[in-house]
Amino acid sequence: MNQSTLTNTALTVLRVIVGFIFAAHGWQKFNEFTIAGTQAAFTQMGVPAASLVAPVVATIELVGGIALIVGVLARVFAALLALDMLGALFLVHAPAGIFADKGGYEFVLALAAAALAVALTGAGRISVDAVVFGRNGSKLSVLA
């Protein structure tokens, strides 16, 4: 395989796995914890405007995760997901240190980095974005 093929394969693997994790967490906030439960948890964690933030975060994680899986508007959703994770890092996890088993930030930092990588590079050739926006000369090619 040439470097371009390896890079596109790597982007696809990263995008799909990270998208799955985000979608699972969004789904969990809607269905297992419920939005009311997520709002209560966010309030307890000290997240500002928790009643507003909880459904927004749940939606971004669920819809954004699915968008990453299929590679549609991947740069936009990946940027939103990276911001989501940076918020979680600074508002909730940083005081607990690095290790996740102690409530730390290692997992949210890794997800933020992965989402930022997709935001910076795009979805790759194996994506809806490449099909829709990837034409040469397209004014929206920045989304590919």
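Our structure's up above, just so we're on the same page.
**So, the pattern of salt bridges**
No. 1: With the rule as written, the count across this model stands at two salt bridges.
No. 2: Of the charged contacts, one joins Lys-29 and Glu-61 as a salt bridge, the two residues approaching to 2.8 Å between their closest N and O atoms. With Lys-29 in helix 1 (residues 3-31) and Glu-61 in helix 3 (residues 50-70), this residue pair connects regions lying 32 residues apart in the sequence.
No. 3: For Glu-61, a relative accessible area of 3% gives the class buried.

**So, the environment of Ala-114**
No. 1: Following the sequence through the fold, Ala-114 ends up in helix 5 (residues 106-121).
No. 2: Overall, the relative accessible area of 12% leaves Ala-114 in the buried class.
No. 3: Distance from Ala-114 to Leu-11, taken between C-alpha atoms, is 9.9 Å for residues 103 residues apart in sequence.

**Considerations on the side chain of Asn-8**
No. 1: Here Asn-8 is to be found in helix 1.
No. 2: Note on Asn-8: relative accessible area 10%, which makes it buried.
No. 3: One polar contact links the side chain of Asn-8 to the main-chain amide nitrogen of Arg-125, over a distance of 2.6 Å.
No. 4: Setting aside residues no more than four positions away along its own chain, Asn-8 makes contact with Gly-124, Arg-125 and Ile-126.

**Points about the nonpolar core**
No. 1: Judged by nonpolar contacts, the single largest core of 19 residues is most densely connected at Val-18, Phe-22, Leu-68, Leu-81 and Met-85.
No. 2: Among the secondary structure elements, those contributing two or more residues to this core are helix 1, helix 3, helix 4 (74-93) and helix 5.
No. 3: Not counting chain neighbours up to four residues away, the residues in contact with Leu-81 comprise Phe-22, Ile-60, Glu-61, Gly-64, Gly-65, Leu-68 and Ala-115.
No. 4: Counting five residues, the second largest nonpolar core, distinct from the first, contains Phe-42, Val-47, Ala-50 and Ala-54.

Reading the values: the criteria
- Residues numbered from 1 in each chain as written.
- Predicted model: local features only at pLDDT ≥ 70, side-chain atom pairs only at ≥ 80, totals over all residues.
- Heavy atoms only, no water.
- Salt bridge = Lys/Arg side-chain N within 4 Å of Asp/Glu carboxyl O.
- Helix = DSSP H or I, 4+ residues; strand = E, 2+ residues; numbered from the N terminus.
- Buried < 20%, exposed > 50% of the residue type's maximum accessible area, 1.4 Å probe, protein only.
- Polar contact = N/O pair within 3.5 Å; in protein donor to acceptor, adjacent residues only side chain to side chain.
- Contact = heavy atoms within 4.5 Å.
- Core = buried A, V, L, I, M, F, W, Y, C linked by side-chain atoms within 4.5 Å.

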